[in-house]
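Structure at a glance
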Amino acid sequence: MSETEDNNITELDSDIEEEDVEMTLMSDMVYSEGLPTYKSVRKGEAVPKVELTEFNNNPDSLFFNDGKRRIDFILVYEDESKTATGKKASVYRRKLRRRECFEASLMNMGVEMEAIQSVVDEKQFFVKMHLPFDVLCTYAEVLHIKLPIQPNDLTPRSFSYNCFTKHFYPDRELIAKETEYFTAPFRKDQLEYFYVKDREQFFTPAMRSRMAYYILSRAPYDVKGNVKKFGISKLLDGGVYKAAYPLHDCRFNVKSEEPDCPNERYLLYNEWAHPKNFYKMQPLNLIRKYYGEKIGIYFAWLGFYTVMLTLAAAVGLGCFIYGYTTRESSTWSKEVCDPLIGGKIIMCPQCDIDCPYWRLNITCESSKRLCIFDNFGTLVFAVFMSVWVTLFLEFWKRYQAELEHEWDTVEFLQQEEQPRPEYEAKCVYERLNPVTQTTEKVPYTACGKCMRVSCGIGTVAFWIMLIIASVVGVIVYRLAMFMVFSTKLRSGLKDLEPFKEYVTPQMATSITASIISFAIIMLLNQLYERVAIWITDFELPRTRTEYENSLTLKMFLFQFVNFYSSCFYIAFFKGKIVGYPGKPVYWLGAYRNEECDPGGCLTELTTQLAIIMTGKAVVNNIQEVLMPWVKNLISRHCTQVASEKVMPRWEQDYQLQPLGKLGLFYEYLEMVIQFGFVTLFVASFPLAPVLALVNNLFEIRVDAWKITTQFRRIVPEKAQDIGAWQPILQGVAILAVVTNAAIIAFTSDMIPRLVYYWALSVNPHSDSSNHTMQGFINSSLSVFDTKDFNGISKPNDNIARFNNITTCRYRDFRNPPDHPHQYEFSLHYWHVLAAKLAFMIVVEHIVYFTKFMLSYMIPDVPEALKEQIKREHYLTQVILHEANIKHFTERMKPIADNIQPQIEDPELDLAF
């Protein structure tokens, strides 16, 4: 490369008109060359053309027409020369020039290419790429890919595979266990010391595709002055190419007859993605081999999470069954339903003017439903889930450490990951690297980075405030509709007597508000997704991992507020600040604050969780399954005219859907949000782990079926772990202890019942000498004198329903009207509040101490694995050390041979 070219800068640009060049150069994204990839064809130079060949009617071939060179990547473009006119012709000529220069640059780098026309659409052309062995060696060293040195001679770890467990694993005869090797980062000059049985099989198809995409991401396609423009992503965005993807090795439901085809896609479908295998363990090594470590680590985490959910689901189901079977025997529920107790208690109106008095026993069915979830079993289950989440995270760390070692990703982030092309394109500033003490290029100054981060934080804060505003809007809806339902619901159900006891104003308000809240959540998700991507692009993270971690944090913060805000409102705010009938608290000066049922708000929280979890699962499955399936169905229908023609492998794959730039990001996000529902509010909904388990059993197979049958093959990527999701899960686990303790203390009636049972049900507060729950309902309701209603809150006499009412009851612990401090909080209230706070402090400390002890007792890396890693490092160093000594000896031998005669001949010594 000439000195002029050495000083060139490169640019990623969008597809623009020629007359807009000046404007574009004002916002150039530039990068100083530093890798061997950056070679380009200068303007005026001869551009080598890609050879155009004919299809050989071999639909399953993975090779060029010569049958020897393997296809590592496919590029697709359309020839619009016959249809483009006027301005479109100018655009097409620019696209043609860029495509030809791009392909010429690839060939100058050593990439071999072959073009072929589509058998379905004569305007479409497919460019096949092949990386020769020498090019593969070059980029394997650039990417620090670890390759085998020698077979692993250590004792393999024990594996519980026997005549019983084999039914829960993929067929060993079809998916055999792979040979383990000692590995080391590849060095081209030490090729002879690596374990090369077959040069064509030395680099796996996943490695080849990864290196091909690395080249495509950095190959230049245009030069303007001293500015180079590069990258396949911008060519795809600009329409120069229609698609770029690696090939599947065969059809998913038909085994290839090609002798060199491994048929791994066929095996994955039959032994993993097919719904019949929902009870089987996943073939993780084959998944990793075919799709790369990033896909493999996701399915490993999802499978491990699902297995751990079985224990939580079993305990949660037991808790639910206990609550269901004891709902009829609950003393306080019986009192609500008893005509002589609940039927004689007249409750105060729950809204102003238009709401009537009502009898307590109309909430009989809702009280029974509440008993299912609000019982002592729930307390045990909440504590259990706090321990379960710690065990899940600790055992996952151990399992992840085993995968890191087995898949050679232990030191991936430090050694292998390269900067993103978008980052490289803007590197114009210089700084001193604090590690290497050398000058390096960066895309922004310290002030510029601060500005970008501040802009991102401000935008995220704005959208979070928007979500909070939407939650306030739903609350206002609840307040307004509760008045409507309280006034009209009972009269409107006269002809539907069986439903009269089930459809209460609180329940109707909760269900409709939950549905509206869910619709708002899904709408805001779609809007914020684009905003979060834009902010992250603007921040310009250096590597792909940093990019995804930054986007992950933004999306999770948004989703956390979006999905959980309504649940937090119901759990911790609704019914807590309502005043009393004569002096209610108003929202916005117009809407009376919502009250809970006499049994509490726990039923509403359960309803909210059930609707959001179920609705989210249904919508996600529709998006994940139906959308790609319908798109592929339409694509096949459009090509039905050519259905009788033999279609090559690359054209069959082109008709599939692309996975998208963010890959599995949304799959992780969906599961982490579900994890939050399972842990944060599980005290109110013990069936949450059961729903999550059922969903995940389908989720694993749906995701597997989707990427195996409906999507093009994903470009393999390296990944060490689940990234930023790990600390997010840990944060959710810590918060879950607080939320569940607070739900039991402040949302359920667990503490008031315990205070009544142990303190108020016996002498001197009661005539009984034995602890009992009888009389709890009466003690939990305060008395209000109807003469103390103010003008706004007093019910209309026409709808009051009860005549000559002098007092009514309401849910609170306040002094009666004849007390010197009437309607102020009673001593009972302060006793209950103290008990709630004491419960939270004690439970939190016990659970956190237990979590700490479990974390300390369970090491992140098993001792056996530590010893194996040390042993492998030692053997690898010995092998490489011996290789270096041998290499040094071979190089020094000619010099030693020349010196030896001089030592043996004294006359030569005298000459010196």
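Since the model is a prediction, treat every value here as computed from it, not as a measurement. (Residues numbered from 1 in each chain as written. Predicted model: local features only at pLDDT ≥ 70, side-chain atom pairs only at ≥ 80, totals over all residues. Heavy atoms only, no water.)

A look at the overall build of the chain
Here is the rule we go by: The helix count covers DSSP runs of H or I at least four residues long, the strand count covers runs of E at least two residues long, and both are numbered beginning at the N terminus. Think of it in three bands: residues with accessible area under 20% of the maximum for their type are buried, residues over 50% are exposed, and the middle band is partly exposed, with areas taken using a 1.4 Å probe on protein chains only. Contacts are assigned to residue pairs with any non-hydrogen atoms lying within 4.5 Å of each other. In this description, accessible areas are obtained by the Shrake-Rupley approach with a 1.4 Å probe, and a residue is regarded as covered only by the protein chains that are shown.
When helices and strands are counted, the chain shows 28 helices and 21 strands. Counting the 912 residues in the chain, one finds 52% classified as buried. The long-range share in the chain, meaning contacts at least 24 apart out of those at least 6 apart in sequence, stands at 78%. Accessible area for the chain stands at about 42,900 Å²; split by element, carbon and sulfur atoms hold 59% of it.

Here we look at the packing of helix H18 (residues 544–572) against helix H23 (residues 725–747)
Spelled out, the test is: To obtain each axis, a line is fitted to C-alpha atoms, and for helices this fit is confined to the stretch in contact; angles are then taken between N-to-C directions over 0 to 180 degrees. Our angle categories are set so that under 35 degrees counts as roughly parallel, over 145 as roughly antiparallel, 65 to 115 as roughly perpendicular, and the remainder as oblique. Following the grouping adopted for this structure description, the nonpolar residues are Ala, Val, Leu, Ile, Met, Phe, Trp, Tyr, Cys and Pro, the charged ones are Asp, Glu, Lys and Arg, and the polar ones are all others, Gly among them.
Here H18 crosses H23 at 5°, and the two axes come no closer than 13 Å. One way to sum up the angle between H18 and H23 is to call them roughly parallel. Taken together, the residues of H23 that come into contact with H18 (itself represented by Thr552, Phe556, Phe560, Phe568, Ala571 and Phe572) are Trp725, Ile728, Val732, Leu735, Thr739, Ala742, Ile743 and Thr747. Classifying every residue of the contact of H18 with H23 by side-chain character gives 11 nonpolar, three polar and no charged.

Brief notes about a nonpolar patch on the surface
Here is the rule we go by: The patches reported here contain residues having more than 30% relative accessible area and no salt bridge. Joining distances are 9 Å for like charges and 5 Å for nonpolar side chains (Val, Leu, Ile, Met, Phe, Trp, Tyr). Every case where a carboxyl oxygen of Asp or Glu lies within 4 Å of a side-chain nitrogen of Lys or Arg is listed as a salt bridge.
The grouping of Phe164, Phe168, Phe278, Tyr279, Met281, Val307, Val694, Leu697 and Phe698 at the surface amounts to a nonpolar patch, some 860 Å² of accessible area in total. It is helix H22 (residues 688–710) that contributes the most residues to the nonpolar patch, three residues altogether.

Structural notes on the nonpolar core
Inclusion rule: Within this scheme, the nonpolar core is defined by two criteria: the residues are buried Ala, Val, Leu, Ile, Met, Phe, Trp, Tyr or Cys, and they are joined through side-chain atoms within 4.5 Å.
Grouped together as the largest cluster of nonpolar side chains are 136 residues, with contacts concentrated most on Trp301, Tyr305 and Trp388. If sequence neighbours within four positions are ignored, Trp388 has contacts with Tyr305, Met308, Leu309, Leu311, Ala312, Phe675 and Thr679. Counting 43 residues, the second largest nonpolar core, distinct from the first, contains Met113, Leu131, Ala184 and Leu235.

A word on the confidence of the model for the chain
Counted only if it meets this: The pLDDT value tells you how sure the predictor is about a given residue, anywhere from 0 up to 100.
Of all residues in the chain, 86% have pLDDT values of 70 or greater, and the mean over the chain is 80. Within the model, the stretch residues 1–40 combines pLDDT values under 50 with 100 contacts to residues more than four positions away or in other chains. This model gives residues 492–499 a pLDDT under 50, and the stretch forms three contacts once residues within four places in sequence are excluded.

A closer look at the pattern of salt bridges
Applying the stated rule across the entire model yields 25 salt bridges. Here Lys718 ties to Glu293 by a salt bridge, and the two come within 3.6 Å at their closest N and O atoms. Note that Lys718 is positioned in the loop between H22 and H23 and Glu293 in helix H10 (residues 293–325), a separation of 425 residues in sequence. Its relative accessible area of 12% is what places Lys718 among the buried residues. Between Glu328 and Lys368 there is a salt bridge; the shortest N-O distance is 3.4 Å. Here Glu328 is found in the loop between H10 and helix H11 (331–337), whereas its partner Lys368 is found in helix H12 (residues 364–373), with 40 residues between them in sequence. Given a relative accessible area of 18%, Lys368 falls into the buried group. Linked through salt bridges whose partners overlap, the residues forming this network are Asp66, Arg69 and Glu112.

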